[in-house]
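Each chain is listed here by its residues.
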Amino acid sequence: MGVRQEKAAETEAALKTAARQLFAEQGYLNTKITDITTTAGRATGSFYDHFASKEELLQALVADMNAHADATIAEEAHPEDHDLRDRGQLRAHIGTAWIVLRDHLPVVVALMQSAMTDNLAAGRGWRALLEDTDILRQHLEALEAQGHPLPGSPELVGAAMGAMLSMFGYALLTAGEFAPRATEEEIVDMLTGLLLYGLTGPRSDERQDEEHSEGKEAVAVG
């Protein structure tokens with residue numbers, strides 16, 4: 001990489017870092033391009049060497065977030081027919097989603113605020129939700145193909161799961177001093193149980209299996 005390319009990469013990285021900081025501190029809508037360049041220690045004109053608008057910068061940050069999610073998933077065995085009925089496999093999905101939400105909270109905040117000001121007829125929120133939950137849809141389609149009944153189409157069920165995770169994560173991670181006292185492990189466990197069993201809870205045989213498993217773990221720990 002030449003000196004000019006290296007400096008350009010450094011400027012782009014500085015602009016992204018500044019944007020993430022400001023989106024977290026004052027929100028996407030209240031952040032101006034001049035705020036970003038000032039925080040990044042760069043001239044205002046340098047912004048347009050890399051991004052045509054603040055929205056384009058946001059999309060670049062979204063791409064970084066999605067790349068992080070893909071890399072995290074790739075680190076684990078992740079076949080297309082991943083069985084979301086298995087608590088461990090479902091929990092792995094939710095845990096990955098939570099890590100991405102937590103680590104890219106400024107981007108999530110910016111996306112929420114940006115979508116709210118967009119033309120409603122554009123359907124941006126729904127289109128983004130479908131794109132973000134495409135992996136869930138694929139897994140649900142595999143379950144459906146195996147004859148497992150779903151409460152709706154794989155597309156709708158996957159989108160509903162993703163919407164619950166993203167909105168809950170957004171609200172909780174931005175709660176500050178009002179956040180409930182719960183560890184990330186407890187939060188991921190709660191979400192896993194809610195998505196796996198709904199409000200009916202596990203069947204009696206599943207409860208017995210879980211209790212038996214927990215008993216074995218307790219013996220092992222002791």
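The structure displayed is predicted, hence computed values, not measured ones.

Draft legend 1. Broad picture of the overall build of the protein chain. Helix and strand counts for the protein chain come out as 11 helices and 0 strands. Starting at the N terminus and walking to the C terminus, you meet the elements of the protein chain as α-α-α-α-α-α-α-α-α-α-α. In the protein chain, the proportion of contacts linking residues at least 24 apart, taken out of those at least 6 apart, comes to 70%. A total of about 13200 Å² of accessible surface is found on the protein chain, and carbon and sulfur atoms cover 55% of it.

Draft legend 2. Representation of the nonpolar core in the model. Grouped together as the largest cluster of nonpolar side chains are 28 residues, with contacts concentrated most on I36, F47 and L57. Broken down by secondary-structure element, the contributors of at least two residues to this core are α1 (3-26), α2 (33-40), α4 (54-74), α5 (87-103) and α6 (105-116). Looking at which element gives the most residues to this core, the answer is α4, with 7 residues. When residues no more than four places from it in sequence are discounted, the contact partners of F47 are L15, I33, I36, T37, S53, K54 and L57. Counting residues in each nonpolar core, the second largest holds 14 residues, with L84, L90, L165 and L172 among its members.

Draft legend 3. The arrangement of the side chain of K16 in detail. Its place among the elements puts K16 in helix α1. Sequence-distant contacts of K16, that is, excluding residues within four places in its chain, are made with F51, L57, A60, L61 and D64.

Conventions we followed
Residues numbered from 1 in each chain as written. Predicted model: local features only at pLDDT ≥ 70, side-chain atom pairs only at ≥ 80, totals over all residues. Heavy atoms only, no water. Helix = DSSP H or I, 4+ residues; strand = E, 2+ residues; numbered from the N terminus. Contact = heavy atoms within 4.5 Å. Areas by Shrake-Rupley, 256 points an atom, 1.4 Å probe, with all protein chains shown as cover. Core = buried A, V, L, I, M, F, W, Y, C linked by side-chain atoms within 4.5 Å. Buried < 20%, exposed > 50% of the residue type's maximum accessible area, 1.4 Å probe, protein only.

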